[in-house]
Amino acid sequence: MPLIAFRLSVLVFTFFLSIITSPHGVAAENFDVSKQSTDELLAQGLITKDQKVVLDAKRAREKSLDNSLQGKLSSKNLDSGQIALQLQTQSEAPDMLCISNTGVLRVAMVAEDAAPFVFTNKKGELDGIDITIAKAIAKDLGVKVEFVKAASYDDVVDLVINKKVNMGISKLSVTSDRSKKIRYAGSYVTLAKAMLINRMELKKINDKKNLTVQEIFELPDAKIGVVESSSYEKYAKTIFPKAEIKTYKTWDEAVGAMKKGEVLAAFRDEWEVRKAVQNQPGLLIFADTIILKDQEDPIQMIVPWSSPQFAHYLDRFILVNSKFHYDMPKLYESYKNYKSENK
């Protein structure tokens, strides 16, 4: 037995000696050498020149992250022991790390005013629900916010797909097409799809026939007006596949076309339909409103498909901040404030 024990101890010693002395026995990234410089380790033959390069780079990354986090934690008035503990346990996901490392949250949004979601106030500053949410997110992350304007809603999506920005927020609807290319996150309001439909044209089509909305838009001359490059262009083609879809550059143009009888209906979300009625008191002389209660339109933020942790963060951010949970009454209140402050 003593001989067996001796031989076993020799084998164990030889194994550990080979790990320490062999330049290929252990990767530099896994070697616990925190108290020695890489020059010392190289001189002792414990690492190779290639491993020294890897270890130097690893230490540089860790130092940069630690310094950044140290500053953030110090600003929260934590003592040195608490800071040390949080530094030891810190491990950000890559998609979160790229935001904290740059110190800027880049946010895509449509350039046109769409109060109360986004607009330019009397001071010439960007304002609105979407702007407030984006600024709050940046503050929570401890970074600055930078807004990148896009010509259309599809352009906002493209900026996110191509990773020119970290996220997009612009009263964005969920579509299956977009879902294949980006991640949706942080639903902050759910609307219903809706229509403004020309009264006189509807009477000609539906007089005493009691057709359903779906049946009306299966008729040959039933045309629907939508904003081009918007989610509603896609919704209209999906929900009313037999209808002729006409696109317009703006919602006001689509509503105008409905009033003139160029299209039977202007199709958008419940909020925009009700806002049009509110802003144009005589509109109901020409049109009826139809709210498609069974057709929800959740409004969410978007991030690149390669940002799962950031998407999770945005979900949680909206979940725990009830002030960013909007419904129709709250939207009306926000719009009322916008109108009174920007006369």
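Scroll up a little and you will see the structure.
Sequence order as written defines residue numbering, which begins from 1 separately in each chain. Where local features are concerned, this predicted model is filtered to residues with pLDDT of at least 70; where side-chain atom pairs are given and counted, the filter is 80 or more; whole-chain, interface and lining totals use all residues. The basis for every side-chain value is the complete set of heavy atoms in the structure, and neither hydrogens nor water enter the calculation.

Asker: Would you explain empty space enclosed by the protein in this entry?
Answerer: A probe matching the size of a water molecule, rolled over the atoms, marks out where space remains unfilled. A 1.4 Å probe that fits into a set of points on a 1 Å grid over the protein atoms alone but cannot get out defines a cavity; an open set with protein on both sides within 12 Å along at least five of seven lines defines a pocket, and lining residues are those with an atom within 4 Å of a point. Grid points are joined across faces, edges and corners, and a volume is the space filled by probe spheres set on the points. Scanning the entire structure with this criterion turns up one cavity of 30 Å³ or more. Put simply, the largest cavity is a space of about 110 Å³. Elements with a contribution of two residues or more to the lining of the largest cavity: β5 (167–173), α11 (231–239) and β9 (265–269). What counts as a helix is a DSSP run of H or I of at least four residues, what counts as a strand is a run of E of at least two, and both are numbered from the N terminus. Here the lining of the largest cavity gets three residues from one element, more than from any other, and that element is β5. Charged residues are taken to be Asp, Glu, Lys and Arg, nonpolar residues to be Ala, Val, Leu, Ile, Met, Phe, Trp, Tyr, Cys and Pro, and polar residues to be all remaining types, Gly included. By residue class, the composition of the lining of the largest cavity is four nonpolar, three polar and four charged.

Asker: Can you help me understand helix α12 (residues 251–260) in this one?
Answerer: In an α-helix, one full turn covers 3.6 residues, which means residues spaced three or four apart are oriented alike. Burial classes: relative accessible area under 20% of the type maximum marks a residue as buried, over 50% as exposed, and values in between as partly exposed (1.4 Å probe, protein chains only). If you check which residues of α12 are buried, you get W251, A254, V255, A257 and M258. For α12, the buried positions fall inside an angular range of 155° around the axis, keeping them on one side. Along α12, the residues that are exposed and aim more than 90 degrees away from the buried face are D252 and K260. A positive backbone phi angle near 85° is found at G261, which sits one or two residues after α12. An arc is given here, and it is the one of the directions from the helix axis to the C-beta atoms.

Asker: How do you make sense of the side chain of N198 when you look at a structure like this?
Answerer: By the element assignment, N198 lies in strand β6 (residues 182–198). Polar contacts, as counted here, are pairs of nitrogen or oxygen atoms within 3.5 Å of one another; within protein the pair requires one atom able to donate a hydrogen and one able to accept it, and residues that are adjacent in sequence qualify only if both atoms are side-chain atoms. Among the polar contacts made by the side chain of N198, one reaches the main-chain amide nitrogen of M200 at a distance of 3.1 Å. A polar side-chain atom of N198 sits 2.9 Å from the main-chain amide nitrogen of E201. In contact with N198, other than residues within four places in its own chain, are M258, K259, G261, L264 and F286. Contact criterion: two residues are considered in contact whenever any of their non-hydrogen atoms come within 4.5 Å of each other.

Asker: Looking at this structure, I do not really get the sheet that holds β9. What am I missing?
Answerer: Pairing between the strands of a sheet is mediated by backbone hydrogen bonds and can be parallel or antiparallel. In spatial order, the strands read β4-β1-β5-β10-β6-β9-β7-β8; together these eight strands make up an open sheet with mixed pairing. Two strands close off the open sheet at either side, each with one partner strand: β4 (144–150) and β8 (244–248). Taking the axes of each pair of neighbouring strands and ignoring which way they run, one obtains an average angle of 25° across the sheet. Two strands qualify as a pair provided that DSSP identifies no fewer than 2 bridges between them. In the sheet, strand β1 (residues 104–110) pairs with β5 via two bridges, with the strands oriented parallel. Of the residues in β5, the one forming a bridge with V107 is M167. Here an angle of 0 to 180 degrees is reported between the N-to-C directions of two axes, which are lines fitted to C-alpha atoms, with helices fitted over the stretch in contact. The strands touched by helix α13 (residues 270–279) within the sheet are β5, β6, β9 and β10 (287–304), with β6 carrying the most contacts at an inclination of about 45°.

Asker: Is there a simple way to think about the pattern of salt bridges in this case?
Answerer: Any two side chains of opposite charge can pair, so long as their charged atoms come close to each other. By convention in these notes, a salt bridge is any Lys or Arg side-chain nitrogen within 4 Å of a carboxyl oxygen on Asp or Glu. Scanning the model with the defined rule gives 13 salt bridges in all. Close ionic contact of K171 with D269 constitutes a salt bridge, the shortest N to O distance being 2.4 Å. Taken together, the positions of K171 in strand β5 and D269 in strand β9 put the pair 98 residues apart, joining distant regions of the chain. Across the pair, exposure class does not vary: K171 and D269 are buried alike. Its salt-bridge partner being E228, residue K249 comes within 3.5 Å of it at the nearest N-O pair. In this pair, K249 is assigned in the loop between β8 and α12 and E228 in the loop between β7 (223–227) and α11, connecting sequence segments 21 residues apart. Using a relative accessible area of 59% as the deciding quantity, one classes K249 as exposed.

Asker: Looking at this structure, how should I read the packing of aromatic side chains?
Answerer: Note on aromatic pairs: each is described by the distance of the centres and the angle between the planes. Centres within 6.5 Å make a pair out of two Phe, Tyr or Trp rings, where for Trp the six-membered ring is used; the pair is then stacked when the planes are under 30 degrees apart, edge-to-face when over 60, and tilted otherwise. Applying the stated criterion to the full structure yields eleven aromatic pairs. Seen from their ring centres, F310 and Y313 are 6.0 Å apart, and the 15° between their planes marks the pair as stacked. In this pair, F310 and Y313 are both assigned in helix α15 (residues 308–320), three residues apart and thus about one turn of the helix distant. Looking at Y313, the relative accessible area reads 15%, which means it is buried. Each member of the aromatic cluster is reached from another via a ring pair, and the members are F119, W271, Y332, Y335 and Y338. Here, over-ring charges are defined by two tests on the NZ atom of lysine or the CZ atom of arginine: distance to the ring centre within 6 Å, and angle to the ring normal within 35 degrees. Taking the ring centre of Y235 as reference, the NZ or CZ of K193 above it sits at 4.1 Å. Across from the ring centre of Y326, 4.8 Å away, lies the NZ or CZ of K330, which sits over that ring.

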